[in-house]
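The lines below spell out each chain.
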Amino acid sequence: MGRLSGKVALVTGGALGIGAACVTRMIEAGAKVAIVDLHDGTGQALARQHGGNARYFHADVSVEAEVAAAIAGTVEAFGRLDVLVNNAGITGPNKPTHELTEAEWDRVQAVNVKSVFFGTKHAIAPLRAAGGGSIINLSSIYGLVGAPDLPPYHASKGAVRLMSKTDALLYAADRIRVNSIHPGFIWTPMVEQHIASMGGDPEQHRRDTGALHPLGHMGDADDIAWGVVYLACDESKFVTGSELVIDGGYTC
Ligand code: NAI
């Protein structure tokens, strides 16, 4: 019996990067997992790889009706929902505040913040029906401290941190725990694309950034996925409203 045996989870942005690692580690721990993403080919391939333990749902997390349909589809496919991982996110444009357009600002908030609202809103009924559960929101170390770049992204991750605490308080009586995870520098497709889009050399960046960490390297997607498994399972039953920082000591 795995730590997540009998549980059903939904992971937004589950086709790639941190989300895909969460899908795999939760299934290995015994869960059945819905993968929600826009990358249909990759998401469907990951679902096939896990046979009957995974289902893929196409949904844009910034569109309420699509999020609601994915959650309803998960409950229909697997009979219940115990864990929601609000993971999908985008970095947005790397411009200073005075150069940003309203549309650029709004898009990052829609994908990174409204998605957490939509996911949480539509998950509450099935989580209550399951007798409680766990909502895990992917924030960032830049939801805890500032940085002189990516203004809409950092604002979005700060919002996710406090949404997690508010919802932790709102739904504690329903035995629904809500926590945020704050990854440091994790090597994923999002990071690689971001570096390349700024004209940087991804491999050089990986080495240089790794050297800034007390532990001497960047993290990988599994480093975050194990934190998600912990917050999803009953061993974390006394943990709610907390901020799990996984950053190789970067913010110490
Ligand atoms: P990624 O870009 O590798 O994967 C993100 C996934 O979300 C992709 O599969 C993408 O298709 C999906 N996605 C994006 N927009 C979507 C939308 N509108 N609807 C549905 N799916 C959508 O990113 P990564 O690195 O795995 O990041 C996952 C989460 O972790 C994000 O919330 C990110 O902000 C956060 N994070 C990542 C860090 C890192 O260093 N990689 C550091 C701190 C936080």
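Please refer to the structure placed before this passage.
Below is a summary of the structure that appears in this document. Only a predicted model underlies this, so the values are computations on that prediction, with no experimental measurement involved.

This part takes up the pairing of strand β5 (residues 133-138). Most of β5 sits out of view: 6 of its 6 residues are buried. Residues of β5 alternate between two faces, with G133, I135 and N137 on one and S134, I136 and L138 on the opposite face, all of them buried. With 4 bridges connecting them, strand β4 (residues 83-86) and β5 associate as parallel partners. Bridge pairing in β5 links N86 to N137. Each parallel crossover has a hand, and for β4 linked through helix α4 (residues 102-129) to β5 it is right-handed. Here 6 bridges tie β5 to strand β6 (residues 176-183), and the two strands are oriented parallel to one another. From the neighbouring strand, I135 faces β6, where its bridge partner is V178. In this region the chain leaves β5, passes through helix α5 (residues 151-171) and returns to the parallel neighbour β6; the handedness of that crossover is right-handed.

Axis separation between helix α1 (residues 17-28) and helix α8 (residues 221-232) bottoms out at 8 Å; the angle between their running directions is 50°. Between α1 and α8, the angle is such that the two are oblique. Here α1 runs over α8; the crossing is right-handed. For the pair formed by α1 and α8, the contact residues are G17, I18, A21, C22, R25 and M26 on the first element and A221, D222, I224, A225, W226, V228, V229 and A232 on the second. For the contact of α1 with α8, the per-class residue count stands at 11 nonpolar, 1 polar and 2 charged.

Thresholds applied
Residues numbered from 1 in each chain as written. Predicted model: local features only at pLDDT ≥ 70, side-chain atom pairs only at ≥ 80, totals over all residues. Heavy atoms only, no water. Buried < 20%, exposed > 50% of the residue type's maximum accessible area, 1.4 Å probe, protein only. Helix = DSSP H or I, 4+ residues; strand = E, 2+ residues; numbered from the N terminus. Pairing = 2+ DSSP bridges. Right-handed = clockwise from strand over helix to strand, strands pointing away. Axes fitted to C-alpha atoms, helices over the stretch in contact; angles between N-to-C directions. Parallel < 35°, antiparallel > 145°, perpendicular 65-115°, else oblique. Left-handed = near helix turned anticlockwise from the far one by under 90°. Contact = heavy atoms within 4.5 Å. Nonpolar A, V, L, I, M, F, W, Y, C, P; charged D, E, K, R; others polar.

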